[in-house]
Each structure stands twice: as structure tokens, then as C-alpha cells.
Amino acid sequence: MTAADSEATTTQPAADRVALAVVGAGRMGGAVVEGALRSGTLRAQDMGVFHPDEDRRNALAQRFGMVALDDAGVHRAERVLIAVKPQSFERVAPLIARRHTAYVSIMAGVTLSTLSKRLGSARVVRAMPNLGARVGVSATALAWTAETSADDLEFARSLFNGCGSVFEVPEALFDAFTGLSGSGPAFVAVVAESLADGGVRVGFHRDVARELARHVLLATAQLLESSDPASIKDEVASPGGTAIAGLRTLERHRLRYALIDAIEAASERAGELSGNGQGA
Ligand SMILES: NC(=O)c1ccc[n+]([C@@H]2O[C@H](COP(=O)([O-])OP(=O)(O)OC[C@H]3O[C@@H](n4cnc5c(N)ncnc54)[C@H](OP(=O)(O)O)[C@@H]3O)[C@@H](O)[C@H]2O)c1
């Protein structure tokens, strides 16, 4: 892209330098932006959004109240959040790569070493949020290169604190984190769906059963704030009662084994995808 093209397509003033350029404002990138706005970490005018298609970037900019950026605008940004699909990264990287710029990536399976190589900058933070970001309760893992500055790290921490809690995790455990925390909402959603199916089986209408299952999960999640899972189970399971009868059935059908295995399988899959650079 020439300077003239850049003038023609960009909507941001030439001198403007946003604090954060967002490359990929989809489901997860959008959730991180909304978290930053909600928590007051950044104001809309501190952020800009990049998309190679001008109409698309203008629409995204309007949706979030941010500036629309072309690739020159991304180059001027203080920091860049990369939230495109991992498969798009090879195509996007040459457009946004810049020595000394600080990058924060949420792409599953794209390692710090690959990020640094493709972006030409060693200032890279890798993050793994989960779907909870949409409602401000994500658990987000962070790992970073030795060249990342204390300011860059603090910035990443506050960005992801805006959409939940932050866990500093060695990069070697990112696949494990993805298996438990990234994939976990899908496993728990299956549990919720199955509880509702059980409710239908014993006579409730589907919508009532779903609502009851939701409340069971909500109550358990809140109790977990102050109790451990085993204590909650023991409290509900009174001698010779209903819960212990159900628990025995769960043991017979090996629910624990199934969940442990699911997390192992998801972690292994994350590793395979990191290995071939196609994490998702
Ligand atoms: N979803 C999750 O639970 C989750 C959890 C942890 C991490 N992640 C990671 O988050 C990333 C995004 O996932 P997602 O679920 O949010 O996907 P998504 O909704 O498809 O978002 C990707 C966004 O990137 C945009 N885009 C595509 N090519 C682009 C380019 N060249 N430049 C700038 N923007 C471009 C897309 O725009 P168009 O719609 O126009 O193509 C879309 O808005 C992935 O790397 C994923 O591994 C996701």
C-alpha cells in the first residue's frame, strides 16, 4: 500500500497515535475491547480497529466507537492486540509487523517464538482468555518474552483484568490452560444441558428444566467462592439420601473419568495445533 492509498482509505488523522490497535475485533477481540471500556482501562478514543476491508473496518469502528485504522495507523499505534483466527495470522503479520512495537496476542496455539519471528518484535505477550470474557468473568493466562517491558506487562494485565481474572502461566502450560480453562465452558455447558435433559426425563417442561439447571450451576459457582467442591458434595449428600443415590450412578457411569479425559484430550489437541501453527 502506498502513502497515497493510505491517505485515501484511512479515516484517522495522520498524526493520531492510538494506545491500542485492535487487529481482529470479532467475538473474542470484541469482548476484550468491551471489557477494557467497561473497566475504564481504555477509552474508545484510545483504541483503533484494523481490518483490510475498508467498509468492514469502518463498520467495526462505528460499532465500538473507535477510530478506523489502516495498516499505517497500526504501525503508529503504541500497542497492538492481535485477535484474528490463527489461520489468518500468516496473512496479517506482514501488514502489521514492526520492530519495537508491543504486541498482545490471544490466538490459540501461536507461540511467543512464532509471534516474535513473524512480527519482528520481541515485545510480545501471549494471552489465553475464555468465553467468560463476554460477561466479565474470563480466566486469562498470560505469558511473555524476556524483552517485554514492565509497562507492557502491566498494560496486558489491566486489559485482561477488565474482562475477568489474570493468571500468570508459564508458556509450557498454555496447552493445559487451553484444555481446562479455554475449552472448559463447553464441557460445563454439556453438563448444564444434560441436567436439563434429566429434568425433562423426570417430568419438567424443557424451558423450566433449563432454568432449573442454570440455577443449579449458578448456586454451585457461588458456593465455590467460599467452599471446595468436595465439601459442597458432602454437604448435599446426606446419609441414605437422594444425592448419594445420584452420585453412585455418576460413579457407575464414570463422569469423573470422562471429564478428566476430556481435559487431557483438549490439552493434547491444543498441543497438536500449536505444533502445526493452526491453533483454534
Ligand atoms: N472464541 C473463544 O472462545 C476464544 C478463546 C480464546 C482465544 N480465542 C482466539 O481468539 C481469536 C479470535 O477468535 P474469535 O472466536 O473471536 O474469531 P472471530 O469472531 O472470527 O473473530 C476474528 C475477527 O478477525 C477479523 N479479521 C479477519 N481477517 C482479518 C485481518 N486480516 N485483519 C483484521 N481483522 C481480520 C474478522 O473479520 P471478518 O468477520 O470480516 O472476517 C473477525 O472480526 C482466535 O485466534 C482464537 O484462537 C478465541
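Bear in mind the structure is a predicted one, so any value in this text is a computation, not a measurement. (Residues numbered from 1 in each chain as written. Predicted model: local features only at pLDDT ≥ 70, side-chain atom pairs only at ≥ 80, totals over all residues. Heavy atoms only, no water.)

S.K.: Got a sec to walk through the overall build of the chain? Specific residues and values, please.
M.R.: For the chain, the count of helices and strands is 13 helices and eight strands. The C-alpha extent of the chain, read off along each of the three principal axes, is 80 × 35 × 30 Å. Per-residue burial over the chain gives 40% buried out of 280 residues. Across the chain, 29 positive and 32 negative side-chain charges occur, with their mean positions spaced 3 Å apart. (Helix = DSSP H or I, 4+ residues; strand = E, 2+ residues; numbered from the N terminus. Buried < 20%, exposed > 50% of the residue type's maximum accessible area, 1.4 Å probe, protein only. Lys, Arg positive; Asp, Glu negative; His and termini not counted. Charge placed at Lys NZ, Arg CZ, Asp CG, Glu CD.)

S.K.: So, the site of the ligand: which residues are in play, and what are the values?
M.R.: The ligand sits among 20 residues. The nearest are Arg27, Met28, His51, Arg56 and Val84. One nitrogen or oxygen atom from the main chain of Gly26 is found 3.4 Å from an oxygen atom belonging to the ligand. Met28 is positioned with one of its backbone polar atoms (N or O) 2.7 Å from an oxygen atom of the ligand. For the ligand, whose unbound accessible area comes to 900 Å², protein coverage reaches 79%. Counting residues per element, the ones that place at least two in the shell around the ligand are α2 (27-39) and α5 (86-96). By residue class, the composition of the shell around the ligand is 14 nonpolar, three polar and three charged. (Near = heavy atom within 4 Å. Polar contact = N/O pair within 3.5 Å; in protein donor to acceptor, adjacent residues only side chain to side chain. Areas by Shrake-Rupley, 256 points an atom, 1.4 Å probe, with all protein chains shown as cover. Nonpolar A, V, L, I, M, F, W, Y, C, P; charged D, E, K, R; others polar.)

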